[in-house]
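Spelled out from the first residue to the last, the chains are:
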Amino acid sequence: MARQKLSEYRAKQLLSQALGVSYGGLSIDTGQPGWEAELGQLAEGGRYVVKVDQGVKRRGQQGLLYVDRSAAQVPDDIRALAAKRFRFFLIEPLVAHAPEAERYLA
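Residues numbered from 1 in each chain as written. Predicted model: local features only at pLDDT ≥ 70, side-chain atom pairs only at ≥ 80, totals over all residues. Heavy atoms only, no water.

A.B. asks: Just checking my understanding: could you explain the pattern of salt bridges for this structure?
C.D. replies: Pairing of side chains with opposite charge becomes possible as their charged atoms draw close. Within the structure shown, the criterion is met by nine salt bridges. Salt-bridge contacts for D77 lead to R69; the nearest nitrogen and oxygen are separated by 2.8 Å. The partner of D76 in a salt bridge is R79, with the nearest N and O atoms 3.4 Å apart. Pair noted here: D76 and R79 are both in helix α3 (residues 74–82), with a separation of three residues, about one helical turn. Where salt bridges share partners, they join E8, K12, K51, R59 and E92 into one cluster. (Salt bridge = Lys/Arg side-chain N within 4 Å of Asp/Glu carboxyl O. Helix = DSSP H or I, 4+ residues; strand = E, 2+ residues; numbered from the N terminus.)

A.B. asks: Looking at this model, I keep getting lost on a nonpolar patch on the surface. Mind explaining?
C.D. replies: Taken together, the side chains of L15, L19, V21 and L105 make up a nonpolar region of the molecular surface, amounting to roughly 420 Å² of accessible area. Structurally, L15 is set in helix α1 (residues 8–19). Look at L15 and you get partly exposed, because its relative accessible area is 38%. (Patch = residues over 30% accessible without salt bridge, like charges linked within 9 Å, V, L, I, M, F, W, Y side chains within 5 Å. Areas by Shrake-Rupley, 256 points an atom, 1.4 Å probe, with all protein chains shown as cover. Buried < 20%, exposed > 50% of the residue type's maximum accessible area, 1.4 Å probe, protein only.)

A.B. asks: Looking at this structure, I do not really get α3. What am I missing?
C.D. replies: In an α-helix there are 3.6 residues to a turn, and that puts residues three or four apart on one side. Residues of α3 that are buried include every one of V74, P75, D77, I78 and L81, and no others. One side of α3 carries all its buried residues, which in axial view fall inside an arc of 160°. Residues of α3 that are buried make contact with β1 (26–29), α2 (35–38), β2 (47–52), β3 (65–70) and β4 (88–93). (Arc of directions from axis to C-beta. Contact = heavy atoms within 4.5 Å.)

A.B. asks: Where do I start with the sheet that holds β2 in this structure?
C.D. replies: Two modes of strand pairing occur in sheets, parallel and antiparallel, and in both the strands are linked by backbone hydrogen bonds. Spatially, β1-β4-β2-β3 is the arrangement adopted by the four strands of the open sheet, whose pairing is antiparallel. Each edge of the open sheet is held by one strand with a lone partner, namely β1 and β3. In this sheet, neighbouring strand axes are inclined to one another by 25° on average, regardless of whether the strands run parallel or antiparallel. As defined by bridge partners, β2 adjoins β4 across five bridges and the pair is classed as antiparallel. Counted as the bridge partner of Y48 is P93 from β4. In the packing of α1 onto the sheet, contacts are made with β1, β2 and β4, and the angle to β4 comes to roughly 45°. (Pairing = 2+ DSSP bridges. Axes fitted to C-alpha atoms, helices over the stretch in contact; angles between N-to-C directions.)

A.B. asks: So what exactly am I meant to see when it comes to the nonpolar core here?
C.D. replies: Soluble globular proteins tend to bury their nonpolar side chains together. Within the largest apolar cluster, 16 residues are counted, with the highest numbers of intra-cluster contacts made by I28, L39, L42, V74, I78, F89 and I91. Those elements that provide at least two residues to this core are β1, β2, α3 and β4. Once you skip the residues sitting within four places of it in the chain, L39 turns out to touch L26, I28, V74, P75, I78 and I91. (Core = buried A, V, L, I, M, F, W, Y, C linked by side-chain atoms within 4.5 Å.)

A.B. asks: Is there a simple way to think about the side chain of D77 in this case?
C.D. replies: Along the chain, D77 falls in helix α3. Every residue in contact with D77, bar those within four places of it in the chain, is listed here: V50, Y66 and R69.

A.B. asks: I keep staring at unusual backbone geometry and nothing clicks. Help me out?
C.D. replies: Leaving glycine aside, a negative phi is the common case for residues, and trans is the common case for peptide bonds. At R58, a residue that is not glycine, the phi angle is positive and equals roughly 55°. Along the polypeptide, R58 turns up in the loop between β2 and β3.

Shown next, in the form of structure tokens:
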């Protein structure tokens, strides 16, 4: 059976569709002109997680993940990660939870 790599954004979209729930993530491609305009979808009072969406393992340990960021901080976070030669990013609403409540799907 053929394998196709999926970004985290696309995988979460497919899973949310299958489960019938909404997904509030935003995919950003800094290789496209006007990517900053897409950030206008973020709520001003919201808190967000910004991460590289390119299949990099241990993003947190490598400094490729920003947690609890305001909408105003997100563009600077993306620029900082893009300076490290990354192009695709995922911005998601922050959902506070205990570390032991996390579950992973493979």
